[in-house]
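Spelled out, the chains give:
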Amino acid sequence: MRPARLLAIITATAILWGCSTQDGPDSKDIMLSDIVTMVSSTRADGTVFTFNRYDDQPLITLTAPAYSTDRIEAGQRVLLYYYPADGEAYTSGDIRVRSVQSINNGEVTIGPIADYSWDATPVWLNSVWRSGKYLNLRLRLSHSPSPRLFGIVADEATADDAMPHLYLMHDLDGEPESYLRDVIASIDISAIWDRPTCRGIVLHV
C-alpha cells in the first residue's frame, strides 16, 4: 500500500471555510489556534470540535453554538482559530469561531520501508508533536504543480516493536524542486500507536 498521491493543493494555502457570524471579539479576548477534529456540525446545535492539546492530555471539547458548516466532513482534522467564550484557554466549553482552515489529513501506511523513496525530496520541518492518536506537523515543502507522495510510513519490520520506526516521506516523483510552501498536516498513527506492544515511536525525517 502506498501513501496517497496528493496534488499540489497539498500546499498549505489554507482555505478559509468561512468566518463566524457571531459578534466580534472584545479587546481583552485572546485568539487561540489549534489543530482539531470536527465531530459534528448542524444549524440547530452548532459545531463540535475535539482535540488533545498534546501527547495524552485530556480530550478537550469545544462547542461553537452559532457556527455551522457543510464543507467539513465529520472526523476531518482542521486548523481552528477561536476565542474561548469564558476566556479560559484549553478547557472544554463554548467558543466563538474566527475561522476554520483546511489542512492535510492522512493515515499511517505500513509496509517494507525499502519499497519507498521516503527521503527523495527534502523537507523543512518547523515542528512535530503528538496529539492523542495524531502526529501533527508544521513544515515547508517544495511547490510542484504535479502530484507527489507525502505521508508517514511505518516500517512493517518494526511495527510490533516497543519503538516502531516511522518515516516522514516526501517524494516529488522526479519533478524539480521549487520554492517552499507552508504546509500543516495531521496524520492518524493509531494503526501503530494502538498496538499493545507500542511504547513510543521513532520518527525519521
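*Asks:* When you look at the sheet that holds strand β5 (residues 77–84) in this model, what are you seeing that I'm missing?
*Replies:* Strand pairing in a sheet relies on backbone hydrogen bonds. The paired strands run either parallel or antiparallel. Taken together, five strands build a closed barrel; the order of strands is β2-β3-β4-β6-β5 and the barrel is mixed. Strand after strand, the sheet turns through a mean of 55° between neighbouring axes, direction not considered. In this structure, β5 lies alongside strand β6 (residues 93–102), joined through seven bridges in antiparallel fashion. Its bridge partner lying in β6, Val 78 is registered against Ser 102.

*Asks:* Is there a simple way to think about the sheet that holds strand β9 (residues 124–131) in this case?
*Replies:* Pairing in this open sheet of four strands is mixed, and the strands run β7-β13-β10-β9 from one edge to the other. Each edge of the open sheet is held by one strand with a lone partner, namely β7 (104–107) and β9. Recorded for the sheet is a direction-independent mean angle of 25° between the axes of neighbouring strands. The pairing of strand β10 (residues 134–142) with strand β13 (residues 180–188) spans nine bridges and is classified as antiparallel. Its bridge partner lying in β13, Arg 140 is registered against Asp 182.

*Asks:* So what exactly am I meant to see when it comes to the nonpolar core here?
*Replies:* Generally speaking, nonpolar side chains in soluble globular proteins are found buried as a group. Counting 17 residues, the largest nonpolar core has Val 108, Leu 139, Leu 166 and Ile 192 as the members making the most contacts within it. If you list the elements that add at least two residues to this core, you get β10, β11 (148–155), β12 (165–171) and β13. A total of four residues in this core trace back to one element, the largest contributor, which is β10. Residues contacting Val 108, with those up to four places away along its chain left out, are Ile 152, Val 153, Ala 154, Leu 166, Ile 187, Asp 188, Ile 189, Ala 191 and Ile 192. With 16 residues, the next largest nonpolar core counts Val 36, Phe 49, Leu 62 and Leu 80 among its residues.

*Asks:* It is not clear to me how the pairing of strand β2 (residues 32–42) should be interpreted in this structure. Could you clarify?
*Replies:* Regular strands show a simple pattern: their side chains alternate between the two faces of the sheet. Relative to β5, β2 is paired through six bridges, and the arrangement is antiparallel. Across the sheet, residue Ile 35 finds its bridge partner in β5, namely Leu 79. In this sheet, strand β3 (residues 46–52) lies alongside β2 in antiparallel orientation, the contact comprising five bridges. Bridging across to β3, Ser 40 finds its partner in Val 48.

Conventions and cut-offs
Residues numbered from 1 in each chain as written. Predicted model: local features only at pLDDT ≥ 70, side-chain atom pairs only at ≥ 80, totals over all residues. Heavy atoms only, no water. Pairing = 2+ DSSP bridges. Helix = DSSP H or I, 4+ residues; strand = E, 2+ residues; numbered from the N terminus. Axes fitted to C-alpha atoms, helices over the stretch in contact; angles between N-to-C directions. Core = buried A, V, L, I, M, F, W, Y, C linked by side-chain atoms within 4.5 Å. Buried < 20%, exposed > 50% of the residue type's maximum accessible area, 1.4 Å probe, protein only. Contact = heavy atoms within 4.5 Å.

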